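Examining the three-dimensional arrangement
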Amino acid sequence: MKLFGSSGIRGPANKVIGPELALNVGMAVGTVADSIVIGKDPRIAADMIEQALIAGLSATGCEVTLGGLMSTPTLAFATADYDCGIMITASHNPAEDVGIKLWNPDGMAFDSQQQERIEHIIENNEYATVIWNEVGAVKYGEGFVERHCNKILSKMQSSNKRVVVDCGCGAGSTITPYLLRKLGCEVITLNCQPDGYFPARSPEPVEKNLGQLIKAVVAFEADIGIAHDGDADRMMVVDEQGNFVSGDELLALFALQDKQEKVVVPVDTSMIVDDALGDTEVLRCRVGDVYVAEQIKASGAYFGGEPSGSWIFPDVSYCPDGIYAAARIVNLIADSPLSKMVADLPHYPTRRGTIECPEDRKEEAMQQIKQSLEMMGDVTTIDGIRVDLEDGWVLVRPSGTESKIRITAEARKDVDELFDRVGSIARGAIQ
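Structure report, in brief. (Residues numbered from 1 in each chain as written. Predicted model: local features only at pLDDT ≥ 70, side-chain atom pairs only at ≥ 80, totals over all residues. Heavy atoms only, no water.)

Thoughts on the overall build of the protein chain
To keep things clear, this is the line we draw: In DSSP terms, a helix is any run of H or I states spanning at least four residues, a strand is any run of E spanning at least two, and both are numbered starting from the N terminus. A radius of gyration in this sense is built from C-alpha atoms; the matching globule rule multiplies 2.2 Å by the number of residues raised to 0.38. Throughout this description, buried means an accessible area under 20% of the type-specific maximum (1.4 Å probe, protein chains only), exposed means over 50%, and partly exposed covers the range between.
When helices and strands are counted, the protein chain shows 14 helices and 20 strands. Taking 2.2 N^0.38 as the reference for a compact globule, 431 residues should give roughly 22 Å; the C-alpha atoms of the protein chain span a radius of gyration of 21 Å, in line with that estimate. C-alpha extents for the protein chain along the principal axes are approximately 70 × 55 × 40 Å. Buried residues in the protein chain amount to 58% of all 431 residues.

Examining the packing of aromatic side chains
In this description, a pair of aromatic rings is defined by centroid distance and the angle of the planes. Applicable threshold: Pairing of aromatic side chains here covers Phe, Tyr and the six-membered ring of Trp, requires ring centres within 6.5 Å, and sorts the geometry by plane angle: under 30 degrees stacked, over 60 edge-to-face, intermediate tilted.
For the structure shown, the criterion picks out 5 aromatic pairs. Here Phe254 and Trp311 contribute two aromatic rings whose centre-to-centre distance is 5.4 Å and whose plane-to-plane angle is 55°, an arrangement assigned as tilted. Taken together, the positions of Phe254 in helix H8 (residues 247-257) and Trp311 in strand E15 (residues 310-312) put the pair 57 residues apart, joining distant regions of the chain. Grouping residues by exposure puts Phe254 and Trp311 together as buried. Aromatic side chains Phe303 and Phe313 sit 5.0 Å apart centroid to centroid with 40° between the ring planes, which places their arrangement in the tilted category. Here the residue Phe303 occupies a position in strand E14 (residues 303-306), and Phe313 occupies one in the loop between E15 and helix H11 (322-332), the gap between them amounting to 10 residues.

A few points about the sheet that holds strand E19 (residues 392-398)
In plain terms, the rule: Strands qualify as paired when DSSP identifies two bridges or more between them. For helices, the fitted axis covers only the stretch in contact; all axes are lines through C-alpha atoms, and the angles between them, taken along N-to-C directions, range from 0 to 180 degrees. We call two residues in contact whenever any of their non-hydrogen atoms come within 4.5 Å of each other.
Overall, antiparallel pairing links the 5 strands, which are arranged E16-E20-E19-E18-E17 in an open sheet. Edge positions in the sheet fall to strand E16 (350-356) and strand E17 (378-380), since each of these pairs with one other strand and no more. Averaged over all pairs of adjacent strands, the angle between strand axes in this sheet comes to 15°, irrespective of strand direction. Two elements, E17 and strand E18 (residues 385-389), share 3 bridges in a ladder whose sense is antiparallel. Of the residues in E18, the one forming a bridge with Asp378 is Asp388. Running over the sheet, helix H13 (residues 362-373) touches E17, E18, E19 and strand E20 (404-411) and is turned about 160° from E19.

What to know about helix H14 (residues 415-430)
Here is the rule: Take the number of residues in a helix, subtract one, and multiply by 1.5 Å to get its expected span. Comment: arc refers to directions from the helix axis out to C-beta atoms.
Here H14 spans 23 Å end to end across 16 residues, near enough to the 22 Å set by a 1.5 Å rise per residue. Buried within H14 are the following residues: Val415, Leu418, Phe419, Val422, Gly423, Ala426, Ala429 and Ile430. An end-on view of H14 places all buried positions within 125° of arc, on one side of the element. The inward-facing, buried residues of H14 contact E16, H13, E18, E19 and E20.

Things to note about the environment of Thr269
Note the cut-off: N or O atoms within 3.5 Å of each other form a polar contact, as long as, within protein, one can give a hydrogen and the other can take it, and as long as residues adjacent in sequence are counted only when both atoms are side-chain atoms.
Looking at where Thr269 falls in the secondary structure, it is placed in the loop between strand E12 (262-266) and helix H9 (271-277). C-alpha of Thr269 to C-alpha of Phe254: the two residues are 15 residues apart in sequence and 14 Å apart in space. In this structure, Thr269 is in contact with Asp248, Leu251, Arg284, Pro307, Arg386 and Trp393, ignoring residues within four places of it in sequence. Looking at Thr269, its side chain comes within polar contact range of the main-chain oxygen of Pro266, at 2.9 Å.

Some points on the packing of H8 against H11
Condition: Note on terminology: angles under 35 degrees are roughly parallel, angles over 145 are roughly antiparallel, angles of 65 to 115 are roughly perpendicular, and the others are oblique. In the scheme used here, Gly and all other residues not listed as nonpolar or charged are polar, with Ala, Val, Leu, Ile, Met, Phe, Trp, Tyr, Cys and Pro taken as nonpolar and Asp, Glu, Lys and Arg as charged.
Where H8 contacts H11, the axes come no closer than 11 Å and their chain directions differ by 75°. Classified by the interaxial angle, the pair formed by H8 and H11 is roughly perpendicular. In this structure, H8 uses Leu250, Leu253, Phe254 and Gln257 to contact H11, whose residues at the interface are Ala325, Arg328, Ile329 and Leu332. Residues of the contact of H8 with H11, tallied by class, amount to 6 nonpolar, 1 polar and 1 charged.

Structural notes on the sheet that holds strand E3 (residues 63-69)
With mixed pairing, 6 strands are arranged side by side in an open sheet as E1-E5-E4-E2-E3-E6. Since the sheet does not close on itself, it has two edges, and those belong to strand E1 (9-12) and strand E6 (138-140), each with one partner. Neighbour-to-neighbour, the strand axes of this sheet turn through a mean angle of 20°, independent of strand direction. Relative to E3, strand E2 (residues 35-40) runs parallel, the two sharing 6 bridges. Each bridged residue has a counterpart across the sheet, and for Ile38 the counterpart in E3 is Leu66. Contacts between helix H2 (residues 46-59) and the sheet are confined to E2, E3, strand E4 (84-88), strand E5 (97-103) and E6, with E2 contributing the most and set at about 175° to the helix.

What about the side chain of Glu249?
The cut-off we apply is this: Under this rule, positive means Lys or Arg and negative means Asp or Glu; His and the chain ends count for nothing. By definition here, a salt bridge exists when the distance from a side-chain nitrogen of Lys or Arg to a carboxyl oxygen of Asp or Glu is within 4 Å.
In this structure, Glu249 sits in helix H8. Despite its burial, Glu249 pairs with no opposite charge; the closest candidate is Arg352, at 9.9 Å N-O. Of note is the side chain of Glu249, whose polar atom sits 2.9 Å from the backbone nitrogen of Ser246. If sequence neighbours within four positions are ignored, Glu249 has contacts with Ile272, Val342, Leu345 and His347.

Focus on the environment of Arg117
Secondary-structure assignment places Arg117 in helix H4 (residues 112-123). Note on Arg117: relative accessible area 52%, which makes it exposed.

As structure tokens, then:
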């Protein structure tokens, strides 16, 4: 597909994602749906994209409800009452980026087939526009955040934990601090004022961006620190000692919380999950929350997620819900410190990294990398190139949202040697 990456349509505002594209997406979505709800994160370009989407949707006779500033999980939850939901966000991408993501009423993002249909309509100019007196109405909706909060609260136990919440100036500011206070927590907020410039830190909640949160957890003697990305579909955690908890560790902890027959993870997930879950079947899929959701739905798995911080609980929604995950992790530490839970998991040395790669070089570079990696071990190509070795594995895949190639390596020994060897192969193929 030309427009959709692994998580919607994203790119720099007015370079890749501008009013013309948003107008066309609006007309295409309005061609297949009659009622739409729109939400947005605080990005500077969000209002511009919203206005263009409204024009396109209205031109097809679609009724549009504006939800305003909200998290992606809140928008996905609100979509239950509409034919489709549209979230204007670039999620964890930098401030200059903007994006559009489409949602079904069950909280699942548009799947591959639906995305292809939208692209086909745009490419072939097959818009179902209406006559002048059938143009769609636009109205403002209310109560979306409160209803999302109440849904989560109905599934949670109360908690008196002290929590530091870092929303990174993103859309999670509208809901997570309030939800956790209603849950009974003592909440200390950090960067919880929405600001599309994201002045406090980069929106991506990775360890290198969470220095403020780590210091605050220690300084306030908190039980846990919680961080979101720009639209709060992601959630990452710092334990009570100020240690960043990896996404693989969180995957294992969430999966163990309600351990059942099947769990879904992407191909870049650690062996930690397999070994921690024992007889639970671990299903691997392409990287991207929509693919995790598709596999959960198809297999009947009870949980799925990504090490990047996306957690999907199908009993609530097929959308990665960083808000619900925040409440879940607070409940999880009710009787035991998070650091102890993490220490009890199996651990293997892992390295993740990225190499810059122009979009027009990705395909040829991956072909060259594949030829080299086939000589190392058993290769699978669910998403990118994964090589399984006797004492570990390595995965090379092109990013679906950025001009990068991602490398992940895990091994019981000599992980640095494995990572550096494959990194050298990848750099040679890109040049």
